[in-house]
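Remarks on the overall topology
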Amino acid sequence: SRDEGEAWLSCRSTGKPTLYGRVTRRGLSSDGVPDIVAAEGFVVGEVTKKSILISCPQENVSTKFLAPYTSFCRIHQKSITCLDISSGGGLGVSTSTDGTMKIWQAANGEIRRLLEGHVYDVNCCRFFPSGLVVLSGGMDAQLKIWSAEDASCVVTFKGHKGGILDTAIVDRGRNVLSCSRDGTARLWDCGKSACLGIITDCGSPINGIAVGTADNSLNLGTPEKPPSEREIGTEGKILLLAQEDKKLQGVGLQSRQPVFLFVGSDAFNCCTFLSSTYILAGTQDGNIYQLDVRNTNAPIQVIHRSGAPVLSLLPYRDGFIASQG
């Protein structure tokens, strides 16, 4: 952002040595747009006040670097570990390594509520579809439901033997799911604040989960005993499990039966549904796998942009957004 200011660039293609270069700002043009040049095999394309397009002709790739739309620097003091935005877009909730979980206004970052009650770190947080209630899981092995309006803890679920690493909400939220370091994924009934069952016990920490409607052609298995009438919306659903032991597993939510098992290159950190047939999962060594649930023998594609861990995935328009370490 300063004249003669420099930034380093690198371009990495699988199986080739990484190319390094730099960009330098030489001043401002008459209309206030920075004059930027690149060196060592990189080329600067279009520059605006909000973006810089940089290409690497040797590798035939280009990337657009975007300035932040807005920045909220005062919500947390340390790294943000998880965040979610309410369905209406009005509120945000986030957790941090500073030990806090806060609700804030998405428009201006103004803090509205501090959610206090977990012991140790809070690992995950998400809004219910209503946008009025928050679900969180912590290292204290507790799953909690909070009122976004007055910050009260409405329900606490206990049963996991290790820290909770991710959560998911079934339909409108009468049932919720959690996964833990203890290797289990559990289904909970919010109304009775009770555990409806262990969906799976895979003997390895489950880092991420996602629930979705299964493709009609998929055999989800049959429950060994009839499901409780407290189970709402579990029929026809498949639960994805991103596991520490390099396995990505699909399980019938109502049947508790395995549907598929895929082994990746490293620990799986996160997973999501793109549609009822296509899923995504990201690994600790930087791979994003796209799979077809009907045939998981070979991935449709493996995307590898860098060796940094893939930490979260979110469907967006016709594609998806990934965050990496």
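Residues numbered from 1 in each chain as written. Predicted model: local features only at pLDDT ≥ 70, side-chain atom pairs only at ≥ 80, totals over all residues. Heavy atoms only, no water.

An unreviewed UniProt entry annotates the chain as PAAF1 factor originating from Lanius ludovicianus. Turning to the chain, the UniProt annotation filed under Sequence similarities (unreviewed entry) states: "Belongs to the WD repeat PAAF1/RPN14 family." (UniProt positions renumbered as here; feature names shortened; annotations may be inferred.)

1. Describing the pattern of salt bridges
By the definition in use, this model includes ten salt bridges. One salt bridge in this structure joins R26 and D35, with 3.1 Å as the shortest N-O distance. Look at R26 and you get exposed, because its relative accessible area is 51%. Given a relative accessible area of 30%, D35 falls into the partly exposed group. (Salt bridge = Lys/Arg side-chain N within 4 Å of Asp/Glu carboxyl O. Buried < 20%, exposed > 50% of the residue type's maximum accessible area, 1.4 Å probe, protein only.)

2. Things to note about the sheet that holds strand β3 (residues 34-39)
Sheet architecture is open: three strands sit in the order β1-β2-β3, paired in antiparallel fashion. Because the sheet does not close on itself, it has two edges, and the strands there are β1 (6-11) and β3. Sheet twist, expressed as the average angle between the axes of neighbouring strands with direction ignored, equals 30°. The pairing of strand β2 (residues 19-28) with β3 spans six bridges and is antiparallel. Along β3, the bridge assignment pairs G27 with D35. (Pairing = 2+ DSSP bridges. Helix = DSSP H or I, 4+ residues; strand = E, 2+ residues; numbered from the N terminus. Axes fitted to C-alpha atoms, helices over the stretch in contact; angles between N-to-C directions.)

3. Here's the deal with the pairing of strand β17 (residues 184-189)
Counting buried residues in β17 gives six out of six residues, a clear majority hidden from the surface. Side chains T184, R186 and W188 of β17 all project onto a buried face; the interleaved residues A185, L187 and D189 project onto the opposite face, where all are buried too. Inspection of the sheet shows strand β16 (residues 175-180) paired to β17 by five bridges, in the antiparallel sense. Within β17, the position partnered with C179 by the bridge is A185. Hairpin connection from β16 to β17: three residues lie between these consecutive antiparallel strands, with G183 at a positive phi of about 90°. Adjacent in sequence and paired antiparallel, β17 and strand β18 (residues 194-201) are bridged by four residues, among which S193 carries a positive phi angle near 45°.

4. Observations concerning the domain arrangement of the chain
Considered domain by domain, the chain is made up of domain 1 (6-66) and domain 2 (80-324). When each unit is reduced to the centre of its C-alpha atoms, the spacing between domain 1 and domain 2 is 37 Å. (Domains from an automatic or database assignment.)

5. Things to note about a nonpolar patch on the surface
A cluster of nonpolar residues, I80, L83 and I85, forms a patch on the protein surface that exposes about 270 Å² of accessible area. Along the chain, I85 turns up in strand β7 (residues 80-85). For I85, a relative accessible area of 38% translates into the label partly exposed. (Patch = residues over 30% accessible without salt bridge, like charges linked within 9 Å, V, L, I, M, F, W, Y side chains within 5 Å. Areas by Shrake-Rupley, 256 points an atom, 1.4 Å probe, with all protein chains shown as cover.)

6. Thoughts on unusual backbone geometry
Despite not being glycine, A141 has its phi angle at roughly 65°, a positive value. Checked against the element boundaries, A141 lands in the loop between β12 (133-138) and β13 (143-147). For A151, which is not glycine, the phi torsion reads 70° and is therefore positive. With respect to the element layout, A151 can be found in the loop between β13 and β14 (153-157). A151 sits in the buried class, given a relative accessible area of 19%.

7. Thoughts on the environment of G41
Examined against the element boundaries, G41 turns out to sit in the loop between β3 and β4 (43-47). Once you skip the residues sitting within four places of it in the chain, G41 turns out to touch S55, C56 and P57. (Contact = heavy atoms within 4.5 Å.)

8. Overview of the environment of N287
Assignment of secondary structure puts N287 in strand β25 (residues 287-292). A sequence separation of 230 residues divides N287 from P57, and the C-alpha atoms of the two residues are 24 Å apart. The contact partners of N287, leaving out residues within four places of it in the chain, are S265, A281, G282, V302, I303, H304 and V310. Within the structure, N287 has its side chain in polar contact with the side chain of S265 (distance 2.8 Å). (Polar contact = N/O pair within 3.5 Å; in protein donor to acceptor, adjacent residues only side chain to side chain.)

9. Side note on the pairing of strand β19 (residues 206-213)
β19 sits mainly inside the fold: six of its eight residues count as buried. Bridge count for β19 against strand β20 (residues 237-243) is seven bridges, and the pairing is antiparallel. Opposite A210, over in β20, you have L240 as the bridge partner.

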